[in-house]
Amino acid sequence: MDVGITRKPLGPGSVAWRIGGERRALLAGGYGLLLQVGHPVVGAGVLEHSNFKAEPWERLDRTMTSLLTTIYGGQAALDEAARLRELHKSIKGVDNRGRRYHALSQEAYWWVHATLFQGFVDLERHFGVPLGDADQRTLYREWRQLGEVLGIKADRMPETVEGFREYFDDVVENRLEDNQSVRDVLHALSMADVGPPHRLVPSPVWNLVKPLGGSVQRTATVGLLPVALRERWGLSWTVTDQNRFDRLAKAVRVVGPRVPGRIGLYRIAYDAKRRARLAG
């Protein structure tokens, strides 16, 4: 019998509350997105129903707002979960290989949620303070709890971290594929055709910093990917690339703790943590 899972939002005492909401999570954003769209169901849905190529920054903002609401929103997390299920009802069709897909298939819906757990673990491992065994187990229990809030059946989610690792490795090895959505995400991460993140950023300034941003995103994204996916997707990774990744990770670990919360945290997380601190 599966115990310990309940359809209720997380609270201030959770590991997810403690480590979530930091803007450095953007460094793992491309990694998580590639893991997601490499799944044939997710890739097909994004290709045919998403506008992320036309509005990448707006899509990123909506995605982060949704994720942080499910973690920090309390009752709003339940409302957001219901909104997401309603939104995904119409995302279905037949992909270019003749395979039917539906965004609410339990397999695909769980995989997207699972990549976010793995993203948190890998983000902390490389760009923060690695989670100890106890924290990983607690975070995974919380992630299963959030999964039920989102409408994922408990029996779809491995009960233990060990089971999750076996599941994750199996999906990477046997389910993820190269597809057009993977190619589109890789191109977007280069920022070659991406405009400034805000209308107040002048185009000349953006054109100067964009190559650096694309380089950082490529380094962080490919550096986090499993070797099997780098090879499957034809992504080169040299000793020089690894050294660049290591320097980036070290710089973030040094600078990150020194960034004030008002700057380093997304507003939803900052406000929630502040309210909890004042109430406690």
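Scroll up a little and you will see the structure.
The model shown is predicted, which means the values in this text are computed figures rather than measured ones. (Residues numbered from 1 in each chain as written. Predicted model: local features only at pLDDT ≥ 70, side-chain atom pairs only at ≥ 80, totals over all residues. Heavy atoms only, no water.)

Student: An account of the pattern of salt bridges is needed here, citing residue identities and associated values.
Tutor: One pass over the structure, following the stated rule, counts 16 salt bridges. Note that Arg99 is salt-bridged to Glu177, the shortest N-O span being 3.1 Å. One end of the pair, Arg99, is in the loop between strand S1 (92–94) and strand S2 (100–102); the other, Glu177, is in the loop between helix H8 (161–174) and helix H9 (180–189), with 78 residues separating them in the sequence. Residue class for Arg99 comes out partly exposed when judged on its relative accessible area of 29%. The partner of Asp241 in a salt bridge is Arg218, with the nearest N and O atoms 3.8 Å apart. Taken together, the residues Asp241 in helix H12 (residues 239–255) and Arg218 in helix H10 (residues 203–224) connect sequence positions 23 residues apart. Taking relative accessible area as the criterion, Asp241 reaches 11% and is therefore assigned buried. Here Arg218 falls in the partly exposed class, since its relative accessible area comes to 30%. A single network of salt bridges, built from pairs that share partners, joins Asp95, Arg97, Arg99 and Glu177. (Salt bridge = Lys/Arg side-chain N within 4 Å of Asp/Glu carboxyl O. Helix = DSSP H or I, 4+ residues; strand = E, 2+ residues; numbered from the N terminus. Buried < 20%, exposed > 50% of the residue type's maximum accessible area, 1.4 Å probe, protein only.)

Student: So what's going on with the packing of helix H6 (residues 106–127) against helix H7 (residues 133–150)? Residues and values would help.
Tutor: Packed helices, taken two at a time, are described by the angle their axes make and the gap between the axes. Contact pair H6 / H7: the axes reach a minimum separation of 10 Å and the direction vectors enclose 150°. Classified by the interaxial angle, the pair formed by H6 and H7 is roughly antiparallel. Crossing of H6 over H7 shows right-handed handedness. Counted together, Tyr109, Trp110, His113, Leu116, Phe117, Phe120, Val121 and Arg125 of H6 and Gln136, Leu139, Tyr140, Trp143, Leu146, Gly147 and Leu150 of H7 form the full contact between these two elements. (Axes fitted to C-alpha atoms, helices over the stretch in contact; angles between N-to-C directions. Parallel < 35°, antiparallel > 145°, perpendicular 65-115°, else oblique. Left-handed = near helix turned anticlockwise from the far one by under 90°. Contact = heavy atoms within 4.5 Å.)

Student: An account of the side chain of Gln106 is requested, with residue identities and associated values reported.
Tutor: Tracing the backbone shows Gln106 in helix H6. Polar contacts involving the side chain of Gln106 include one to the main-chain amide nitrogen of Lys153, which spans 2.8 Å. (Polar contact = N/O pair within 3.5 Å; in protein donor to acceptor, adjacent residues only side chain to side chain.)

Student: Can you break down helix H2 (residues 29–37) residue by residue, with the values?
Tutor: Within H2, seven of the nine residues are buried, leaving the element largely enclosed by the surrounding structure. Residues Gly30, Tyr31, Gly32, Leu34, Leu35, Gln36 and Val37 constitute the buried set of H2. Residues of H2 that are buried make contact with helix H3 (40–49), H6, H8, H9, H10 and helix H11 (227–232).

Student: Before we move on, could you go through the environment of Pro158 and cite the residues and values that matter?
Tutor: Positionally, Pro158 belongs in the loop between H7 and H8. Sequence spacing of Pro158 and Arg144 is 14 residues, and the spatial spacing of their C-alpha atoms is 8.7 Å. Leaving out residues up to four positions away in the same chain, Pro158 has contacts with Trp110, Tyr140, Arg144, Gly163, Phe164 and Tyr167.

Student: Give a detailed account of the layout of surface pockets, specifying residues and quantitative values.
Tutor: Roughly 460 Å³ of internal volume is contained in the second largest pocket. Among the residues making up the lining of the second largest pocket, the classes are represented as nine nonpolar, four polar and six charged. (1 Å grid on protein atoms, 1.4 Å probe; cavity = no way out; pocket = protein on both sides within 12 Å on 5 of 7 lines; lining within 4 Å. Points joined across faces, edges and corners; volume = space filled by probe spheres on them. Nonpolar A, V, L, I, M, F, W, Y, C, P; charged D, E, K, R; others polar.)

Student: Explain the side chain of Arg230 to me, and be specific about the residues and the numbers.
Tutor: Counting through the fold element by element, Arg230 comes out in helix H11. Although buried, Arg230 forms no salt bridge, and the nearest oppositely charged side chain, Glu231, lies 7.8 Å from it. Within polar-contact distance, the side chain of Arg230 engages the backbone oxygen of Leu225 at 3.5 Å. If we ignore the near neighbours within four places in the chain, the residues touching Arg230 are Val222, Gly223, Leu225, Leu235 and Trp237. (Lys, Arg positive; Asp, Glu negative; His and termini not counted.)

Student: With reference to specific residues and values, describe the nonpolar core.
Tutor: Formed by 69 residues in total, the largest nonpolar core has its most connected members in Ile71, Trp111, Phe127, Leu139 and Trp143. The element best represented in this core is H6, accounting for 10 residues. Excluding anything up to four places from it in sequence, Leu139 contacts Val15, Ala16, Ile19, Phe117, Phe120 and Leu131. (Core = buried A, V, L, I, M, F, W, Y, C linked by side-chain atoms within 4.5 Å.)

Student: Outline the packing of aromatic side chains, listing residues and values.
Tutor: Applying the stated rule across the entire model yields 13 aromatic pairs. Geometrically, the ring pair formed by Trp237 and Phe245 is edge-to-face, given 6.3 Å between the ring centres and 75° between the ring planes. For the pair shown, Trp237 and Phe245 are each scored as buried. The ring of Tyr266 carries Arg23 above its face, with NZ or CZ at 4.6 Å from the centroid. (Phe/Tyr/Trp six-rings, centres within 6.5 Å; stacked < 30°, edge-to-face > 60°. Lys NZ or Arg CZ within 6 Å of the ring centre and 35° of its normal.)

Student: I'd love a proper account of unusual backbone geometry, names of residues and values included.
Tutor: Leave glycine aside and you will find that most residues have negative phi; peptide bonds, for their part, are mostly trans. The residue Met191 is not glycine, and still its phi comes out positive at about 65°. Checked against the element boundaries, Met191 lands in the loop between H9 and H10.

Student: I'd love a proper account of H8, names of residues and values included.
Tutor: The end-to-end C-alpha separation of H8 is 20 Å, in line with the 20 Å expected for 14 residues at 1.5 Å each. Residues of H8 that are buried: Val161, Phe164, Tyr167, Phe168, Val171 and Val172. Along the axis of H8, the buried positions cluster into a sector of 130°, meaning they face one direction only. Residues of H8 that are exposed and point over 90 degrees away from its buried face: Glu166, Asp169 and Asn174. The inward-facing, buried residues of H8 contact H2, H6, H7 and H11. (Expected span 1.5 Å × (residues − 1). Arc of directions from axis to C-beta.)

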